[in-house]
Amino acid sequence: MTAVHPSEQPADVSETIAAGRILPVVVLDDARAAAPLGAALAAGGLRSVEVTFRTDAAAEAIRAMSEDPQLLVGAGTVLTPGQVDEAVAAGARFIVCPGFSARVVAHCQQVGVPVFPGAATPTEIQMAIDAGLDTVKFFPAEQLGGTTMIKALAAPFRSVRFIPTGGVNTGNLRDYLSLPPVLAVGGTWMVAPSLLAEGRWDDVTALTAAAVTAAREI
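Residues numbered from 1 in each chain as written. Predicted model: local features only at pLDDT ≥ 70, side-chain atom pairs only at ≥ 80, totals over all residues. Heavy atoms only, no water.

Caption draft 1: Inspection of the nonpolar core at higher detail. If you look at the biggest cluster of nonpolar residues, it comprises 67 residues, and the most contacted ones within it are I22, L28, L37, M65, I95 and F162. The residues touching I95, leaving out its near neighbours within four places in the chain, are A75, V78, V84, A87, C108, V113, P114, V115 and F116. (Core = buried A, V, L, I, M, F, W, Y, C linked by side-chain atoms within 4.5 Å. Buried < 20%, exposed > 50% of the residue type's maximum accessible area, 1.4 Å probe, protein only. Contact = heavy atoms within 4.5 Å.)

Caption draft 2: Spatial organisation of the packing of aromatic side chains. Evaluation of the coordinates by the stated rule reveals two aromatic pairs. Measuring from ring centre to ring centre gives 6.4 Å for F138 and F162, while their planes differ by 85 degrees; the resulting arrangement is edge-to-face. In this pair, F138 is assigned in strand β6 (residues 135-138) and F162 in strand β7 (residues 161-164), connecting sequence segments 24 residues apart. A residue is classified by how much of its surface remains accessible, and F162, at 0% relative accessible area, is buried. Of note, K137 hangs over the ring of F139, and the distance from its end group to the ring centre comes to 4.7 Å. (Phe/Tyr/Trp six-rings, centres within 6.5 Å; stacked < 30°, edge-to-face > 60°. Helix = DSSP H or I, 4+ residues; strand = E, 2+ residues; numbered from the N terminus. Lys NZ or Arg CZ within 6 Å of the ring centre and 35° of its normal.)

Caption draft 3: Spatial organisation of the layout of surface pockets. By volume, the second largest pocket is sized at about 160 Å³. Mapped onto the lining of the second largest pocket, the elements with two or more residues apiece are β2 (48-52) and β8 (185-187). For the lining of the second largest pocket, the class distribution of residues is four nonpolar, eight polar and three charged. (1 Å grid on protein atoms, 1.4 Å probe; cavity = no way out; pocket = protein on both sides within 12 Å on 5 of 7 lines; lining within 4 Å. Points joined across faces, edges and corners; volume = space filled by probe spheres on them. Nonpolar A, V, L, I, M, F, W, Y, C, P; charged D, E, K, R; others polar.)

Caption draft 4: Expanded view of the state of the cysteines. Applying the stated criterion to the full structure yields zero disulfides. Of all cysteine sulfurs, the one in C108 lies closest to C97, which takes part in no disulfide; the gap is 5.9 Å. On the basis of relative accessibility, which here comes to 0%, the residue C108 falls in the buried class. (Disulfide = S-S within 2.5 Å.)

Caption draft 5: Highlighting the pattern of salt bridges. Counted under the stated rule, the structure contains five salt bridges. Note that R200 and D203 form a salt bridge whose closest N and O atoms lie 2.9 Å from each other. According to the relative accessible area criterion, R200 is partly exposed, its value standing at 32%. Taking the relative accessible area as the measure of exposure, D203 reaches 33% and is therefore partly exposed. Here the salt bridges share partners, and the residues they tie into one network are E198, R200 and D203. (Salt bridge = Lys/Arg side-chain N within 4 Å of Asp/Glu carboxyl O.)

Next up, the structure:
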């Protein structure tokens, strides 16, 4: 699993993410941690993971995780078409952006990789719809009004699904996942930097399993 499959459709990726309902958002400083982290997430019951382009280790981490057939690996914090190419070459099978960039979205569509751009306003959501998209990242979720804002945005945009990220945790997980327009939530609590730095993979698995159980009960 080292390249985007031409036959893969955005709906296929969305369904995989929706099945777990939680998308771990990973920041890795050392690509050597990628393989054990991927194994820990899979052991906890998650099959999708977003590796952010916030560090120099991102591409290599994506490459390592993409070798695991259990995982659907995507690239996050993608800001430029060049990063799209780097991520896809490393094996990323979907792209996540913090905001809406028409250039990045168009390039993703050109190379055939699903993209979930950030959208925090009606105008940005309309831009996503105009680009042929139906799922957006809502970021930073808590700072933008959380579930109240998602409800307000979902009212006029009934076909749009949201992946709220930023401030989502075990305390408000139920509130977000109870909303019909929420496809999944992006979270970091099961992949906190301290856990990764210390190689606490059993803790990652335990936190992931608890999150998956909580999501299924909603």
